[in-house]
Amino acid sequence: MKNGEFTKGDLLVDPDMEVDLENGTVTACLETWFDVDEKFGLHTADEDHTWVNLYASYTPGTGAFQIEYVISREDSEEWREYNPTNSEKLLVLSMMEECCQTCHGCSLEGYLQDTNGPTQTM
C-alpha cells in the first residue's frame, strides 16, 4: 500500500473470473497481500475462522465498476462495498485486463463475449 491505496503488489487477480451473462459483468476474486483490517477498518485478525474476500466487478458495455468485500465467518457472511479511489479503480481494471490477456488470450470484453459463445454474423 502506498498512501493508503492499493499498489500492484497488494493484489493478485484470480484468472478464473465469473461472468454474469444477464448483466454483461465480469467479476474477479482479488487475492489480498495487504492488511485488510487496516485498509477496511476491520478487526478480523483476532477472530478464528474469519477471513475477508475481495471482488471486483466490471461491465464493459457500460463501464460500471464495483469493488466489494465479504467478511466470512463460520456461521455468516457480510458483504460490504468499497469505494476505490480513481487510481485504485484504474489499477484493478488494468490488472484484470492483463490477467485476461495473459491467461485467456483476450481482453476483458473478449472474455465476456467468449463466455457468451460464438458471435453470429448475418
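Please refer to the structure placed before this passage.
Residues numbered from 1 in each chain as written. Predicted model: local features only at pLDDT ≥ 70, side-chain atom pairs only at ≥ 80, totals over all residues. Heavy atoms only, no water.

Quick word on the overall build of the chain
Quick reminder of the rule: Helix and strand labels come from DSSP, where a helix needs a run of H or I of at least four residues and a strand needs a run of E of at least two; each type is numbered from the N terminus. Three labels apply to residues, based on accessible area from a 1.4 Å probe with only protein chains included: buried if under 20% of the type maximum, exposed if over 50%, partly exposed otherwise in between. By definition, residues are in contact when any of their heavy atoms lie within 4.5 Å. Methods summary: accessible areas were calculated by the Shrake-Rupley approach with a probe of 1.4 Å, and residue burial reflects only the protein chains presented. The charge count includes Lys and Arg as positive and Asp and Glu as negative, but it does not include His or the ends of the chains. In plain terms, the charge of a residue is placed at NZ if it is Lys, CZ if Arg, CG if Asp and CD if Glu.
A tally of regular secondary structure across the chain gives 3 helices and 6 strands. Counted from the first residue to the last, the chain has its helices and strands arranged as β-β-β-α-β-β-β-α-α. Once the C-alpha set of the chain is aligned to its principal axes, its extents read approximately 60 × 35 × 25 Å. Counting all 122 residues of the chain, 37% fall into the buried class. Partitioning the contacts of the chain with sequence separation of at least 6, the portion at a separation of at least 24 is 50%. Carbon and sulfur atoms make up 45% of the accessible area of the chain, which amounts to about 7,700 Å² in all. Treating the 6 positive side-chain charges of the chain as one cloud and the 25 negative ones as another, the clouds have centres 9 Å apart.

Topic: the environment of Phe6
Of note, Phe6 is situated in the segment before strand S1 (11–13). Judged by its relative accessible area of 6%, Phe6 falls in the buried class. The spatial distance from the C-alpha of Phe6 to the C-alpha of Thr32 is 9.7 Å, given a sequence separation of 26 residues. If we skip the residues at most four places from it in the chain, Phe6 touches Met1, Leu11, Phe34, Lys39, Phe40, Leu54, Ile67, Tyr82, Glu88, Leu91 and Val92.

Digging into the nonpolar core
Formally: The definition of a nonpolar core used throughout is a set of buried Ala, Val, Leu, Ile, Met, Phe, Trp, Tyr and Cys residues joined through side-chain atoms within 4.5 Å.
Counting 31 residues, the largest nonpolar core has Phe6, Met17, Phe40, Leu54, Val92 and Met96 as the members making the most contacts within it. Elements with a minimum of two residues in this core: S1, strand S3 (25–32), helix H1 (36–40), strand S4 (51–59), strand S5 (64–73), helix H2 (86–104) and helix H3 (108–116). For this core, the leading source of residues is H2, giving 7 residues. Residues contacting Phe40, with those up to four places away along its chain left out, are Phe6, Phe34, Leu54, Tyr69 and Tyr82.

Regarding unusual backbone geometry
Phi is positive for Asn3, close to 55 degrees, though the residue is something other than glycine. Position of Asn3 relative to the elements: it lies in the segment before S1. Judged by its relative accessible area of 74%, Asn3 falls in the exposed class. The residue His49 is not glycine, and still its phi comes out positive at about 60 degrees. Structurally, His49 is set in the loop between H1 and S4.

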